[in-house]
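This is what each chain is made of:
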2 protein chains.
Amino acid sequence: MAPERDIPDATVARLPVYRRTLVGLAAAGETTVSSARLAELAGVNAAKVRKDLSRLGTYGVRGVGYEVENLLMQIGEVLGVNVDAPVVIVGMGNLGQALARYGGFSTRGFRVVALTDSDPKKIGKKFAGLTIQHQDDLPKIAKDLDISVGIITTPAEAAQQVADELVAVGVGSILNFAPTVLNVPAHIPIRKVDLATELQILGYYQHRAS
Amino acid sequence: MAPERDIPDATVARLPVYRRTLVGLAAAGETTVSSARLAELAGVNAAKVRKDLSRLGTYGVRGVGYEVENLLMQIGEVLGVNVDAPVVIVGMGNLGQALARYGGFSTRGFRVVALTDSDPKKIGKKFAGLTIQHQDDLPKIAKDLDISVGIITTPAEAAQQVADELVAVGVGSILNFAPTVLNVPAHIPIRKVDLATELQILGYYQHRAS
DNA sequence: AGTTGCTCGTGAACACCTTCACAAGCGCTA
DNA sequence: TAGCGCTTGTGAAGGTGTTCACGAGCAACT
Ligand SMILES: NC(=O)c1ccc[n+]([C@@H]2O[C@H](COP(=O)([O-])OP(=O)(O)OC[C@H]3O[C@@H](n4cnc5c(N)ncnc54)[C@H](O)[C@@H]3O)[C@@H](O)[C@H]2O)c1
Ligand SMILES: NC(=O)c1ccc[n+]([C@@H]2O[C@H](COP(=O)([O-])OP(=O)(O)OC[C@H]3O[C@@H](n4cnc5c(N)ncnc54)[C@H](O)[C@@H]3O)[C@@H](O)[C@H]2O)c1
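For every chain, the first residue of the written sequence is number 1, and numbering continues from 1 onward in sequence order. To label them, take the chains in the order written and letter them from A, then take the ligands in the order written and number them from 1. Thresholds applied to this predicted model are a pLDDT of at least 70 for local features of residues and 80 or more for the giving and counting of side-chain atom pairs; totals over whole chains, interfaces and linings are not thresholded and use all residues. The side-chain values count all of the structure's non-hydrogen atoms but skip hydrogen atoms and water molecules.

Being near a molecule or strand, for a residue, comes down to having at least one heavy atom within 4 Å of it. In the vicinity of DNA strand D, 27 residues are found, and the nearest of them are S35(A), R50(A), G60(A), G63(A) and Y66(A). When atoms of DNA strand D within 4 Å of the protein are split into backbone and base, the sugar-phosphate part holds 62%. Between DNA strand D and G60(A), the relevant distance is 2.8 Å, taken from a phosphate oxygen to a main-chain nitrogen or oxygen of the residue. Taking K48(B), its side chain carries an N or O atom lying 3.3 Å from a phosphate oxygen of DNA strand D. Only α3 (46-55) of chain A together with α1 (9-27) and α3 (46-55) of chain B provide two or more residues apiece to the surface near DNA strand D. Strands here are runs of E lasting at least two residues and helices are runs of H or I lasting at least four, both read from the DSSP assignment and numbered beginning at the N terminus. Here the element with the most residues in the surface near DNA strand D is α3(B); it accounts for 4 residues. Pairs of N or O atoms within 3.5 Å make up the polar contacts considered here, provided that, within protein, one atom can donate a hydrogen while the other can accept it, and that residues adjacent in sequence are counted only when both atoms are side-chain atoms.

With that settled, consider the sheet that holds strand β3 (residues 85-90) of chain A. Working definition: the strands of a sheet are paired by backbone hydrogen bonds and lie parallel or antiparallel to each other. Residues and elements named next belong to chain A. A sheet is described by the order of its strands in space; here 7 strands give the open sequence β5-β6-β4-β3-β7-β8-β9, paired in mixed fashion. Across the chains shown, the open sheet's two edge strands, defined by having one partner strand only, are β5 (126-127) and β9 (190-192). Following DSSP output, two strands are said to pair if at least two bridges run between them. Taken together, the 4 bridges between strand β7 (residues 149-152) and strand β8 (residues 173-176) define a ladder with parallel strand orientation. Within the sheet, the bridge partner assigned to G150 lies in β8 and is I174. Contacts are assigned to residue pairs that have any heavy atoms within 4.5 Å of one another. A fitted line through C-alpha atoms serves as each axis, taken over the contacting stretch for helices, and the angle formed by two N-to-C directions is quoted from 0 to 180°. Sitting on the sheet, helix α6 (residues 138-145) touches β3, β4 (110-117) and β6 (130-134), and the angle it makes with β4 is about 165°. This element, helix α7 (residues 156-168), spans β3, β7 and β8 of the sheet and lies at about 170° to β7.

Right, let's get into the protein's contact with DNA strand C. Around DNA strand C, the structure places 27 residues, and the nearest of them are R62(A), S35(B), R50(B), G60(B) and Y66(B). Here DNA strand C approaches the protein such that, of its atoms within 4 Å, sugar and phosphate make up 66%. Take G63(A): an N or O atom from its main chain is 3.3 Å from a base nitrogen of DNA strand C. Secondary structure elements with two or more residues in the surface near DNA strand C: α1 (9-27) and α3 of chain A together with α3 of chain B. For the surface near DNA strand C, the element with the highest residue contribution is α3(A), accounting for 4 residues.

All right, on to the site of ligand 2 then. Every one of the 24 residues lining ligand 2 counts as a neighbour, but Y102(A), L95(B), D117(B), K122(B) and T154(B) are closest to it. One chain alone does not account for the residues near ligand 2; they come from chains A and B. At 2.9 Å from an oxygen atom of ligand 2 is found a side-chain nitrogen or oxygen belonging to Y102(A). For ligand 2, whose unbound accessible area comes to 810 Å², protein coverage reaches 83%. For the shell around ligand 2, the element with the most residues is helix α7 (residues 156-168) of chain B, which contributes 3 residues. Amino acids are sorted into nonpolar (Ala, Val, Leu, Ile, Met, Phe, Trp, Tyr, Cys and Pro), charged (Asp, Glu, Lys and Arg) and polar (every other residue, Gly among them). In terms of residue class, the shell around ligand 2 is built from 14 nonpolar, 7 polar and 3 charged. Methods summary: accessible areas were calculated by the Shrake-Rupley approach with a probe of 1.4 Å, and residue burial reflects only the protein chains presented.

Superposition of the copies was done by least squares, using only C-alpha atoms of residues whose pLDDT is at least 70 in both. With an axial shift of 0.0 Å and an RMSD of 0.0 Å, the rotation relating chain A to chain B amounts to 180°. Both chain copies can therefore be described as sitting about a two-fold axis. Same-surface contact between copies: 98% of interface residues of chain A are shared with the interface of chain B.

Written out as structure tokens, the structure is:
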């Protein structure tokens, strides 16, 4: 039951990519895959794949490769994809609406179960079968639906306050789209998706090449 | 003129965060900032800030700190934020529309100048002052507007094809939102923004904590 | 000018990650 | 059972990134 502990961060970050690749292979009817092939499809080095997978306690078969289904199950176990985590999206502007309508969550172990906003004009509107509720009702929503993940898509100025509210109602992890650094207790995992930062990084490499 | 070469990847990835922080400080009327303060606001270690900034050839003043305006200019120079890079968004679905309406590009050196899609029903629609054009017209668009950056927000299945088309018309860098690994020539910088991956990484850390 | 307090820049140590290279192991065939 | 081809798992080496710790330098005040 217990997945192996202490998987390196770099490995954890690659597991979802392996998983996605394996889902594709399984759909194509492949039953086994070598580290070399998986590496090519996932865009990484083959030795890295083997080292990563060995961290799971997963063992491949020498001379043959890894069993696709088995590997999928093991990675799913480690990532917790097999449990369905309830998600709330806070801030139903441009981005929040796009996320609410996105269908790619369900196959990855996440289910958007609530949408909130602080703008009275938005309350009551529907997206993808859910009604936007007021941010002030978050405590009740979180309790009723046992919210586990919070996604922040508010303007940067409101993001810290929203993060505090999410932590207060017991959310277990946070994904932040607002371009600002958030302070949360150390035990709450938090990650950011920062489009503008990515573009600027690209800017550097392109700029430098010329 | 020439910025220092060979800035480590890890440093480059942090420069946009420093920049954003400095913009905030400048707006608040601060003229100098210490590495300790900048570190706290940017959520990193102070020694790291100093090492990063020393890579720019930027010099602070001992006993005082760094001059905010000067630092902003230097980072902007390195990132190429001071030139206005024309951007095309390919795939005007949920996400593409949200990005098209997003106002945060202009202050970071990027300007969305064209939107394309392959769905005839979407051609001609307007977003944020731009009209969606057909993907087949990309060569002409790229030439006329001197497109420098391509953002891919199509379904994963179409992403590689779109990437090839972007490369063919001479785009200088690519930002990919589709959950798939893209193959592009080595000289084209490419980065991905992968929401589902981020959620799964969070899943691991949350799962593990329990 | 001398002293004090603060902050930078950086060498050195450490931790983490990647890559190479190869022995060990598996399945298949004869 | 022996031999062969293929692929894994991992020790070791090399590289990158982080953090510590401290000398050096500037400003301000006496
Ligand atoms: N739209 C994009 O493509 C894009 C791209 C990159 C980053 N971002 C970032 O994502 C965030 C959202 O962007 P957007 O374009 O959707 O902005 P938006 O202004 O369209 O939407 C923000 C929403 O948050 C709500 N809100 C504000 N304060 C709130 C609070 N305290 N509690 C709950 N809801 C609150 C607003 O009512 C609004 O509906 C911003 O931080 C932006 O910088 C957006
Ligand atoms: N919407 C989200 O919140 C979200 C979140 C994470 C990832 N993504 C990813 O971003 C991508 C877009 O998501 P979406 O929800 O906007 O999808 P969507 O289906 O709403 O939009 C895709 C658009 O791309 C267009 N398109 C398809 N093939 C094309 C081609 N060859 N050339 C040009 N345009 C083409 C379609 O006509 C459509 O308008 C997907 O890969 C999705 O997995 C989306």
